[in-house]
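Architecture at a glance
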Amino acid sequence: MTETIELALKALETQLNQPLETALEACARCGICAEACHYYRAEPKVEHIPAFRAEQLRSIHRYEHDFLSRLFPVWTRSKKLDEATLANLTEIAFSQCTLCRRCTVNCPLGVDTPLMMRAIRGMASTTGTAPEILVMLADAAIEKGKDPSFYKEMFLAQIREMEEQLRDITGDQDAEIPVDKQGARILYVPLAGAHTILPPAIVFNTAKEDWTLSIFEASNYGVFLADMDRAKQVAKRIVDEANRLGVGEIVISECGHAYSSYRWDVPNWFPGEFNFKVRSLIEVIADHIADGRIKVDPTVIPEAVTYHDSCNLARNGGLIEEPRFVLDRITTDFREMTPNKAEALCCGGGGGLVALAEYDELRIAAGKPKADQIKNTGARVVVAACENCRLQIGELNEHYDLNVSITALTDLVVRAMRLPKPLTGGEGEDLFEGERALATKD
Amino acid sequence: MLIYQLIALAGLIAGLFGICLRYAATRLRSLPADRSPSKGDIPRGIKYAFTAGMMPWAKESTRIHRIAYLRGIGLHVGVFVAIGVVIISPFWESLPALLSRALFWVLMLGALLGAAGGIMRLLEHTLRGLSLPDDHFAVWLTTIFIATAGLALSNEAFMIPMYIVSAITFVYIPLGKIRHCLYFFFSRIFFGKFFGRRAVFPHPQRAK
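Residues numbered from 1 in each chain as written. Chains lettered and ligands numbered in written order. Predicted model: local features only at pLDDT ≥ 70, side-chain atom pairs only at ≥ 80, totals over all residues.

A few words now on the overall build of chain A. Each helix and strand counted, chain A has 22 helices and 8 strands in total. Its C-alpha radius of gyration of 22 Å places chain A within 12% of the 22 Å reference for a compact globule of 442 residues. Counting only C-alpha atoms and orienting by the principal axes, one finds that chain A spans roughly 75 × 50 × 35 Å. Sequence separation of 24 or more characterises 79% of the internal contacts of chain A that already satisfy a separation of 6 or more. (Helix = DSSP H or I, 4+ residues; strand = E, 2+ residues; numbered from the N terminus. Rg over C-alpha atoms; globule rule 2.2 N^0.38 Å. Contact = placed C-beta atoms within 7 Å.)

Here it is as structure tokens:
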């Protein structure tokens, strides 16, 4: 057994807890999960059935842990892990599964196939066989956390410039984008890009919110890698910042995996309980609209609008009605996709897939069911509250000639706020040089 | 007959022992703590996972594959009824005739649906691609188990085959694919905990 294989098996063993063992043992191979997967819908073949994918790891697990399988491997098609099998597993976990959990919801037994795909990703990360780009992105974020002063000055200079824009758009000369504000109620964590700072800043200033901007971005590529060490280091930057500033809550930008991980997973990675809540920007906006702290006019948006449920926000995050509450108040012609909410189809961009250029063709092909869904609504505007979904739907738009515009929910809210000046130009400026460029493969 | 009854009993004890070992082994694994504040209701999530969430209309997959799902339900009902029928076999004579007849038909239907499932596994391209030798064996073994239990209810000549097949089935439960009967419960509990905590299932219609 080579060192790599030994490491991989050790990584599997380390991750083998009750839920993972259950997922590995429970499948009856009934195949009912097939159509739940967008890869299968786009190209119906056995290899695209979630159960088949999971079976590749199960065969290894059975060989290691099952008496009958060790004795008669042919009977359960069990096999000893080797380099070629590990490479195949890695390929499957990073290119053919977006960890959307649609198969889990549709499985009569509730088998958590994404948990197994995560286990494979964890094995790949441990053995150094995971996609290099994801490792680089995670490491870049970790380095930034070690010495933020290196880029902070430049970041602050860009924020001051953005404040000018903010004042111009809102007509409020006192409007500001506070950074490092001690004791603020909200620590807002953006993504890599001014487009995730300016629109929320408009909302926060209009609502007279007590907030401060994080100097870090919400993305956590360690999560995509299922590399707990890296994921913790990336998350720790923001947890430490929140503790240092003594904020009441962390508010995560419109980002599926960041929200899902900070809301549901990160609290388990650190000892003790957090002194702050974790919420999505969407929840805060919904509250501000409900409380009348921001006024919106739905007649500003006469176009037919549809909403794409990010898997990490809806099915895996529980944010289902909040975006709809907001859309209900800012649009006049809202059209649901079918299916939607917890049953929504994955766009194909999740799980870090949009950052992996080598799988572009497969990713765009797997996005076909989502493209068809969008087309069927007849909507001209697609709202997606997740950056990776927006990137993916943007590419689907071009590839499948959807002729739609894709927007973040906050941008649409700002449009409905009837500000003195519209939100145009310059919002896409990159504040986190390098990372976004890598993520979008420009 | 007693010897065959003892063989079946030995099989049942061995099967139960194996399942208990599997249960203990899984329970010895760590259970990850979840300290994130719950948005929903975990007990309701678990309840949903075992009740409304199992209905044929609850999932897109079972709406698409309604017949396959009902076929599976029929087979599983047959298996559980057959286990009960075999266990109480020494007391069959005291069963009311109507109940005995009803059990016979339930078992025959279960066996028929099991056979249909076994044939589909052989004929349907995707299902065949997914299936292991273990899967084929398990579906036919349980089908024969149900069938012999049903036939023995109406004809004493099937008593010995029933006990022999029962013993094989019971022993095979923890060894092969049939052990998913244990992990079904783990899986649905984890499903209910995960989605219940997040208020995804059951889902409140309006959050605000």
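Attention now goes to the overall build of chain B. When helices and strands are tallied, chain B shows 9 helices and 0 strands. The order of α-helices and β-strands along chain B, N terminus first, is α-α-α-α-α-α-α-α-α. Here the C-alpha coordinates of chain B stretch approximately 65 × 40 × 40 Å along the principal axes. Here chain B holds 208 residues, and the buried ones make up 39% of them. Excluding contacts between residues fewer than 6 apart, the proportion of contacts in chain B whose partners are at least 24 apart in sequence is 79%. (Buried ≥ 20, exposed ≤ 12 C-beta atoms within 10 Å, placed from the backbone.)

Here we take up the pairing of strand S7 (residues 381-384) of chain A. All names here are of chain A. Of the two faces of S7, the one holding Val381 and Val383 and the one holding Val382 and Ala384 are both buried throughout. Where strand S5 (residues 304-308) and S7 come together, 4 bridges link them in parallel fashion. Paired with tyrosine 307 across the strands is valine 383, a residue of S7. Sheet topology places S7 next to strand S8 (residues 405-407); 3 bridges connect them, and they run parallel. Directly across from valine 381, in S8, lies its bridge partner serine 405. Note that the unit made of S7, helix H20 (residues 387-399) and S8 has a crossover that is right-handed. (Pairing = 2+ DSSP bridges. Right-handed = clockwise from strand over helix to strand, strands pointing away.)

To continue, consider the interface of chain B and chain A. Contact with chain B, which involves 50 residues of that partner, is made by 52 residues of chain A. Broken down by secondary-structure element, the contributors of at least two residues to the side of chain B that touches chain A are helix H3 (60-64), helix H4 (66-87), helix H6 (125-130), helix H7 (133-154) and helix H9 (180-197) of chain B. With 8 residues, the top contributor of residues to the side of chain B that touches chain A is H9 of chain B. When grouped by side-chain class, the residues that make up the side of chain B that touches chain A number 21 nonpolar, 15 polar and 14 charged. (Nonpolar A, V, L, I, M, F, W, Y, C, P; charged D, E, K, R; others polar.)

Residue and element names in this part refer to chain A. Taken in spatial order, the 4 strands make up an open sheet running S2-S1-S3-S4, and their pairing is parallel. For this open sheet the edge positions go to strand S2 (211-213) and strand S4 (277-280), each flanked by a neighbour on one side alone. Across the sheet, the mean angle separating the axes of adjacent strands is 25 degrees when strand polarity is ignored. Here strand S3 (residues 249-252) pairs with S4 via 4 bridges, running parallel. The partner of valine 251 across the bridge, within S4, is arginine 279. (Axes fitted to C-alpha atoms, helices over the stretch in contact; angles between N-to-C directions.)

Here the residue pair threonine 338 of chain A and proline 339 of chain A is connected by a cis peptide bond, since its omega of -5 degrees sits within 30 degrees of zero. By secondary structure assignment, the location of proline 339 of chain A is in the loop between strand S6 (333-335) and helix H18 (360-366). Residue proline 202 of chain B follows phenylalanine 201 of chain B across a cis peptide bond; omega there is -10 degrees. Structurally, proline 202 of chain B is set in the segment after H9. Even without being glycine, arginine 101 of chain A reaches a positive phi, approximately 70 degrees. Mapped onto the elements of the fold, arginine 101 of chain A is located in the loop between helix H7 (83-95) and helix H8 (102-106). Overall, arginine 101 of chain A belongs to the buried group, with 25 C-beta atoms counted inside 10 Å. If you check the backbone angles, alanine 199 of chain B has positive phi at about 60 degrees while not being a glycine. Its location among the elements puts alanine 199 of chain B in the segment after H9. With 21 C-beta atoms packed within 10 Å, alanine 199 of chain B lands in the buried category.

Below, the discussion takes up the sheet that holds S5 of chain A. All names here are of chain A. The parallel open sheet is built from 4 strands, whose spatial order is S6-S5-S7-S8. Edge positions in the open sheet fall to S6 and S8, since each of these has one partner strand only. On average, adjacent strands in this sheet sit at an angle of 30 degrees to one another, irrespective of strand direction. Against the sheet, helix H17 (residues 321-330) engages S5, S6 and S7, with an angle of about 170 degrees to S5.

Looking now at the confidence of the model for chain B. Put simply, chain B has an average pLDDT of 96, and 98% of its residues get 70 or more. ipTM for the predicted complex: 0.95, alongside a pTM of 0.94. (pLDDT = per-residue confidence, 0-100.)

Here we come to the nonpolar core. Grouped burial of nonpolar side chains is what soluble globular proteins tend to show. Grouped together as the largest cluster of nonpolar side chains are 165 residues, with contacts concentrated most on Met116, Ile250, Ile252, Val383 and Val413 of chain A. The element contributing the most residues to this core is H9 of chain B, with 8 residues. Once you skip the residues sitting within four places of it in the chain, isoleucine 252 of chain A turns out to touch Val189, Ala218, Ala258, Tyr259, Tyr262, Val278, Ser280 and Leu281 of chain A. Listed in part, the 28 residues of the second largest apolar core include Ala8, Val79, Ala167 and Tyr172 of chain B. (Core = buried A, V, L, I, M, F, W, Y, C linked by C-beta atoms within 7 Å.)

For the rest of this paragraph, the subject is helix H8 (residues 159-175) of chain B. Because an α-helix packs 3.6 residues into every turn, residues spaced three or four apart end up facing the same way. Helix length check: H8 of chain B (17 residues) gives 25 Å between terminal C-alpha atoms against 24 Å at 1.5 Å per residue, within 8%. Of all the residues in H8 of chain B, the buried ones are Met162, Tyr163, Val165, Ser166, Ala167, Thr169, Phe170, Tyr172, Ile173, Pro174 and Leu175 of chain B. Contacts from the buried residues of H8 of chain B go to helix H5 (67-71) of chain A together with helix H1 (2-28), H4, H7 and H9 of chain B. (Expected span 1.5 Å × (residues − 1).)

On to the domain arrangement of chain A, then. All names here are of chain A. Splitting chain A by domain gives domain 1 (3-130), domain 2 (134-290 + 424-433) and domain 3 (298-416). Its C-alpha centre places domain 2 at a distance of 22 Å from the equivalent point of domain 3. The interface of domain 2 with domain 3 comprises 23 residues on the first partner and 27 residues on the second. Elements with a minimum of two residues in the side of domain 2 that touches domain 3: helix H10 (132-146), helix H12 (198-206), helix H13 (221-225), helix H15 (256-265) and helix H16 (281-290). Of all the elements, H16 adds the most residues to the side of domain 2 that touches domain 3, at 6 residues. Residue classes in the side of domain 2 that touches domain 3 are distributed as 16 nonpolar, 4 polar and 3 charged. (Domains from an automatic or database assignment.)

This paragraph deals with H20 of chain A. All names here are of chain A. Over its 13 residues, H20 runs 18 Å from end to end, which matches the ideal 18 Å to within 8%, given 1.5 Å per residue. Inspection of H20 places Glu387, Asn388, Cys389, Arg390, Leu391, Gln392, Ile393, Glu395 and Leu396 among the buried residues, and these make up the whole buried set. Immediately beyond the C-terminal end of H20, within one or two residues, lies aspartate 401, with a positive phi of roughly 50 degrees.

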